[in-house]
Each structure stands twice: as C-alpha cells, then as structure tokens.
Amino acid sequence: MDIGAELGIPLHHSHFKVTGPPLYETAERATDLMRYARDRGIDYTADQYPYTAGSTMLQALLPPWVKTGDSTETVELLRDSETRQQIKADIENWRLDNWHNPGPYTGWENIAIASLESETNEHCLGRSIASIANERDSNPVFVVCDLLIEEDLQVTITLHQLREESVQHIVRDELVSVGTDGLFGSGKPHPRVYGTFPKILEKYVREESLLSLEEVVRKMTSLPARIMGLSNKGLIRPGMDADLVVFDPRLVSTTADYENPRRYPKGIPHVLVNGEFVVCDNEVTGALPGQTIRA
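My aim in this report is to walk through the structure given alongside it, one point at a time. Each chain has its residues counted from 1, following the order in which its sequence is written. With pLDDT at 70 or above as the cut-off, local features in this predicted model cover only qualifying residues; side-chain atom pairs require 80 or more to be listed or tallied, and sums for whole chains, interfaces and linings still use all residues. No hydrogens and no water enter the side-chain calculation; it runs on all heavy atoms of the structure.

**Side note on the overall build of the chain**
Line of reasoning, step 1. Secondary structure elements are defined from DSSP: runs of H or I of at least 4 residues count as helices, runs of E of at least 2 residues count as strands, and each element is numbered from the N terminus. What the chain contains, in helices and strands, is 10 helices and 10 strands.
Line of reasoning, step 2. Radius of gyration: over C-alpha atoms. The globule rule applied is 2.2 Å multiplied by the number of residues raised to the 0.38 power. A compact globule built from 295 residues would reach a C-alpha radius of gyration of about 19 Å, and the chain, at 21 Å, matches this within 12%.
Line of reasoning, step 3. Across its three principal directions, the C-alpha atoms of the chain cover 65 × 50 × 40 Å.
Line of reasoning, step 4. Contact definition: two residues touch when any of their heavy atoms are within 4.5 Å. Taking as baseline every contact in the chain between residues at least 6 positions apart, the subset at least 24 positions apart corresponds to 65%.
Line of reasoning, step 5. Using a 1.4 Å probe, accessible areas were evaluated by the Shrake-Rupley method; residue-level cover was limited to the displayed protein chains. Counting only carbon and sulfur atoms, one obtains 50% of the accessible surface of the chain, whose full area is about 15700 Å².
Line of reasoning, step 6. For the charge count, each Lys or Arg is scored as positive and each Asp or Glu as negative, with His and the chain ends excluded. Where a charge lies is defined by one atom per residue type: Lys uses NZ, Arg uses CZ, Asp uses CG and Glu uses CD. Distance from the positive charge centre (29 side chains) to the negative charge centre (44 side chains) of the chain: 4 Å.

What follows is the structure, encoded as structure tokens:
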C-alpha cells in the first residue's frame, strides 16, 4: 500500500482470501484494509474464487531456500538425505519467518494431489498426502520430496484451508471481482476451473441471495475489465467487443466438484467471443476466435 500511495499506481490483490485457523476471524479486517487503502487515494481492488479450498504447485510446500536454483538443482537437493532432513525440520517446526507454510498448518490430510506429469503415480490423484504417506509407510514431508522427484516437480495440489463464512464476507465486497485462479492440467484440477462463475450465480445469487444478479454480473464483467484496463470489454453497447454469455438465472449451476472437476456447467446455452459462437445450443463449437491482448 505504501508503494501504491507513493507512486500513484493502482494495486490489485489476486485471489483474495484468509487461510488457516489463526486467520479465520480476520476477513472483516482484511476488507477494512482495502477501504483504508482507498482512503489513501489508492485504486485498490481484488478478485476471489468462491471455494473453501485453494490450489497450487506441490513445490510451494518447500522452504524457499530449496527453490533458489533451476529445476534440476531443486531435484538434486530433494535427493540428498541431509537436505531432506533440513526440509523436514523447517516444515515441521516452521522455522522461517518469511514463509507461509501450508503443510502442517493446513494438515496433511487436507492436501490432495490434483495433477501429475506421468502415469506412474496416477493412483495418487485425488488422495491426500497423509493417505499416500500411510500407504508408503513414510513421513509426509518425504512423500512430498519423493513425488516431486518422481514427477520432475510437475505436481499440483488442492488445499482445503478456508472457511465458508470468510468466503461469503469477501464475495459481498463491491471492490472484489470474480476470478478462477485456475490451474489447467491433467488429473483432477480444482473445480474452480470449470465451476467458478456458475457456482456464484447458483449459490450466492439464486440460493442464498447474498448478492443481486446485477451486482454479480458487474463483478464478472465491467469491474474486471476496468481493473485490467480493457476499454473495449465488460459492457454491452455499440463499439465494444462482442464477448457475450447467454445464461438462464433459474437454471445456471455448476456440476464440477473435487471428485469430478472436469464437468461443464448447466444453464449456459450460448457463449460468444469476438462475435463468434464458441458454445452454441449447449455444444462447444471448436471455434477459437480469442486473441491475446497486449498492453
């Protein structure tokens, strides 16, 4: 915030959330800090996905000092028995002040394997680190090291570490837009990849009335377009890019869950990108009219 205020630049807080038991009661304080930033003249905004689990690369669990070289050096460090003991000590004792340790902090039983590079460990997909450690009769930290070695670091995970009350508090804030923070890949990715937008329309608008339909549409369209400086997107009017989504607010819903995350939503019969149908009558057309937008 100090940097934003001093340089007069906008700030955007990506995948805004509060994680882990020590922080569960701080969602209101966190949104208050956004107001404080704006009172200082900073154009401060955020985005959020509507789930109580996050997702990231498995190597994010490692202490920062393990990842200072390239991928080959990291794998070699993970093979070294002395280094592994140091990693284990740092993770279990949380000995680094500048490191958010999502391992024991979250609970190994709440961290599941989402995707892998090879088919060798396919039986691990969707299973927790605790379960795999029990099967291998190994320490969870060593399981993390072994999977990263076996998969050349290309492993993603899902972490169940948020509370629904916090998610709901943040989703209601007018400064928070909708984003998936999605990691595409094989296996069982986080259901937010397929389900973020329909879930908000289904759960927080239709079922729980936390937000109006108009406000949610703003959070999904004009607000993120303004945040990203996309002057031709986010509104329906002459001269704008024809990026259009046709949905039925009575039926729109997500079918994606943690066990079966790669499922398309219901109640969205048409999607157009740059004026061309990419979904028509509930069928994906195969058209690819999207373009990279450069600043």
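Structure's up, so let's keep going.
**Focus on the pattern of salt bridges**
Line of reasoning, step 1. By salt bridge we mean one thing: a side-chain nitrogen of Lys or Arg within 4 Å of a carboxyl oxygen of Asp or Glu. In total, this model carries 18 salt bridges according to the counting rule given.
Line of reasoning, step 2. A salt bridge links Glu 259 to Lys 188, with the shortest nitrogen-to-oxygen separation between them at 2.6 Å. Taken together, the residues span a long stretch of sequence, with Glu 259 in the loop between β7 (244-246) and β8 (270-273) and Lys 188 in the loop between β6 (176-178) and α8 (192-207) at a distance of 71 residues.
Line of reasoning, step 3. One salt bridge in this structure joins Lys 233 and Asp 241, with 2.9 Å as the shortest N-O distance.
Line of reasoning, step 4. Counted as one network, the salt bridges with shared partners bring together Glu 25, Arg 163 and Glu 165.

**Comments concerning the sheet that holds strand β2 (residues 44-48)**
Pairing between sheet strands relies on hydrogen bonds along the backbone, with the strands arranged either parallel or antiparallel.
Line of reasoning, step 1. Spatially, β1-β2-β6 is the arrangement adopted by the 3 strands of the open sheet, whose pairing is parallel. The sheet terminates laterally at β1 (11-13) and β6, the two strands that pair on one side only. In this sheet, adjacent strand axes meet at a mean angle of 30 degrees when their direction is disregarded.
Line of reasoning, step 2. Here, strands pair whenever DSSP counts at least two bridges between them. Note that β1 and β2 share 3 bridges and pair parallel. Within the sheet, the bridge partner assigned to His 13 lies in β2 and is Ala 46. To obtain each axis, a line is fitted to C-alpha atoms, and for helices this fit is confined to the stretch in contact; angles are then taken between N-to-C directions over 0 to 180 degrees.

**Details of the nonpolar core**
Line of reasoning, step 1. In terms of nonpolar packing, the biggest core is built from 28 residues, with Leu 58, Leu 78 and Ile 113 touching the most fellow members.
Line of reasoning, step 2. Elements represented by at least two residues in this core include exactly α3 (71-79), α4 (81-93), β4 (111-115), α5 (129-136), α6 (140-150) and β5 (156-160).
Line of reasoning, step 3. Examining the composition of this core, we find that 7 residues originate from one element, α6, more than from any other.
Line of reasoning, step 4. Apart from residues lying up to four places away in sequence, Leu 58 is in contact with Ile 129, Val 144, Leu 147, Leu 148, Val 155, Thr 156 and Ile 157.
Line of reasoning, step 5. One finds Val 171, Val 205, Val 216 and Val 279 within the second-largest nonpolar core, a separate group that totals 16 residues. Take the buried residues of types Ala, Val, Leu, Ile, Met, Phe, Trp, Tyr and Cys, join any two whose side-chain atoms come within 4.5 Å, and each joined set is a nonpolar core. Working definition: with a 1.4 Å probe on protein chains only, accessible area under 20% of the residue-type maximum means buried, over 50% means exposed, and in between means partly exposed.

**Side note on the packing of aromatic side chains**
Line of reasoning, step 1. Ring pairs shown here join Phe, Tyr and Trp side chains whose ring centres sit within 6.5 Å, with only the six-membered ring taken for Trp; geometry is labelled stacked below 30 degrees between planes, edge-to-face above 60, and tilted in between. Inspection of the entire model under this criterion finds 2 aromatic pairs.
Line of reasoning, step 2. Look at Tyr 51 and Tyr 258: their rings are 6.5 Å apart centre to centre, the planes differ by 80 degrees, and that puts the pair in the edge-to-face class. On the criterion of sequence distance, the pair formed by Tyr 51 in the loop between β2 and β3 (53-57) and Tyr 258 in the loop between β7 and β8 is long-range, its members being 207 residues apart.
Line of reasoning, step 3. Ring centres of Tyr 194 and Tyr 264 lie 5.6 Å apart, and the angle between their planes is 55 degrees; on these two criteria the pair is classed as tilted. With Tyr 194 in helix α8 and Tyr 264 in the loop between β7 and β8, this pair connects stretches of sequence that are 70 residues apart.
Line of reasoning, step 4. Charge-over-ring contacts are defined here by two conditions on Lys NZ or Arg CZ: a distance within 6 Å of the ring centre and an angle within 35 degrees of the ring normal. The side chain of Lys 199 reaches across the aromatic face of Tyr 51, ending 4.0 Å from its centre.

**Let's talk about the side chain of Ser 177**
Line of reasoning, step 1. Structurally, the position occupied by Ser 177 is in strand β6.
Line of reasoning, step 2. Judged by its relative accessible area of 4%, Ser 177 falls in the buried class.
Line of reasoning, step 3. Discounting residues that sit within four places of it in the chain, Ser 177 has contacts with His 12, Ala 46, Asp 47, Gln 48, Lys 219, Leu 223, Pro 224 and Ile 227.

**Topic: the environment of Pro 189**
Line of reasoning, step 1. With respect to the helices and strands, the residue Pro 189 is situated in the loop between β6 and α8.
Line of reasoning, step 2. The class of Pro 189 is buried, set by a relative accessible area of 6%.

**Side note on the sheet that holds β8**
Line of reasoning, step 1. Across the sheet, 4 strands lie side by side as β7-β8-β9-β10; this open sheet has antiparallel pairing. One side of each edge strand has no neighbouring strand; the edge strands of this open sheet are β7 and β10 (283-284).
Line of reasoning, step 2. Across 3 bridges, β8 lies against strand β9 (residues 276-280) in antiparallel orientation. Looking at β9, one finds that Val 271 is bridged to Val 279.

**Here we look at α5**
Line of reasoning, step 1. Every buried residue of α5 is accounted for by Ile 129, Ile 132 and Ala 133. Mapping the buried residues of α5 onto a view down its axis gives an arc of 100 degrees, with all of them on the same face.
Line of reasoning, step 2. The inward-facing, buried residues of α5 contact β4 and α6.
Line of reasoning, step 3. Asp 137 sits one or two residues past α5 and shows a positive phi near 55 degrees. Throughout, the arc means the angular range of directions from the helix axis out to the C-beta atoms.

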